[in-house]
Each structure stands twice: as C-alpha cells, then as structure tokens.
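Given next are the chains, with one letter for each unit.
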Amino acid sequence: MRMKDLKIDGNGCLYIDIMELDNCAVIIDKGKAKYFKLVEHGEAVITTHQGKVKRVNYKEGEEF
C-alpha cells in the first residue's frame with residue numbers, strides 16, 4: 001500500500017515533520033490522517049462518497 005498513517009495525539013492534534021516528507025499529499029478524514037508520495041508523472045485521484053474519502057486511484061505514466 002502506498003498510503004501511510006500519520007499519528008494523531010489524544011487531543012486530536014496532527015504533527016508533521018515537513019523536513020522528513022518530500023512531494024507528498026495528506027488526506028484527513030473521519031479522525032484519521034494518511035499521506036502518500038506523489039508519482040513522478042501521473043495523477044492521484046481522490047474518490048469521495050457522501051463527503052467521505054473512499055479510495056485513492058493512481059494513474060502513472062512514463063515520459064518517452
């Protein structure tokens with residue numbers, strides 16, 4: 001799986017060390033936070049249903 005969990009403390013605070021993460025996207029939904037690295041060439045499509053994240057689809061390509 002490409003998505004990795006981010007830690008949320010007991011007060012609901014999310015702390016991210018931006019020096020550790022490079023070229024990524026963060027998704028927060030239903031009290032959970034996850035991140036994934038962006039693809040070199042392509043798209044990451046976030047699909048929602050009734051205002052909640054259902055899935056993330058990746059479409060990758062390679063330059064000719």
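Scroll up to find the structure.
Residues numbered from 1 in each chain as written. Predicted model: local features only at pLDDT ≥ 70, side-chain atom pairs only at ≥ 80, totals over all residues. Heavy atoms only, no water.

Enquirer: Can you lay out a nonpolar patch on the surface for me, pointing to particular residues and giving the numbers?
Expert: On the surface, Ile16, Ile18, Met19, Val26 and Ile28 cluster together to form a nonpolar patch covering roughly 540 Å² of accessible area. With respect to the helices and strands, Val26 occurs in strand 2 (residues 24-29). (Patch = residues over 30% accessible without salt bridge, like charges linked within 9 Å, V, L, I, M, F, W, Y side chains within 5 Å. Areas by Shrake-Rupley, 256 points an atom, 1.4 Å probe, with all protein chains shown as cover. Salt bridge = Lys/Arg side-chain N within 4 Å of Asp/Glu carboxyl O. Helix = DSSP H or I, 4+ residues; strand = E, 2+ residues; numbered from the N terminus.)

Enquirer: Requested: an account of the pairing of strand 4 (residues 42-49), with residues and values cited.
Expert: For a regular strand, the rule is simple: side chains alternate between the two faces of the sheet. As paired strands, strand 4 and strand 5 (residues 52-60) are joined by eight bridges and run antiparallel to one another. Within strand 5, the position partnered with Val45 by the bridge is Asn57. Count of turn residues in the strand 4/strand 5 antiparallel hairpin: two residues, of which Gln50 carries a positive phi of about 55°. (Pairing = 2+ DSSP bridges.)

Enquirer: Can you lay out the sheet that holds strand 1 (residues 4-5) for me, pointing to particular residues and giving the numbers?
Expert: Judged by pairing direction, the sheet is antiparallel, and its three strands sit side by side in the order 1-3-2 without closing on themselves. Since the sheet does not close on itself, it has two edges, and those belong to strand 1 and strand 2, each with one partner. Pairing geometry for strand 1 and strand 3 (residues 32-37), over two bridges, is antiparallel. By the bridge assignment, Asp5 is partnered in strand 3 with Lys34.

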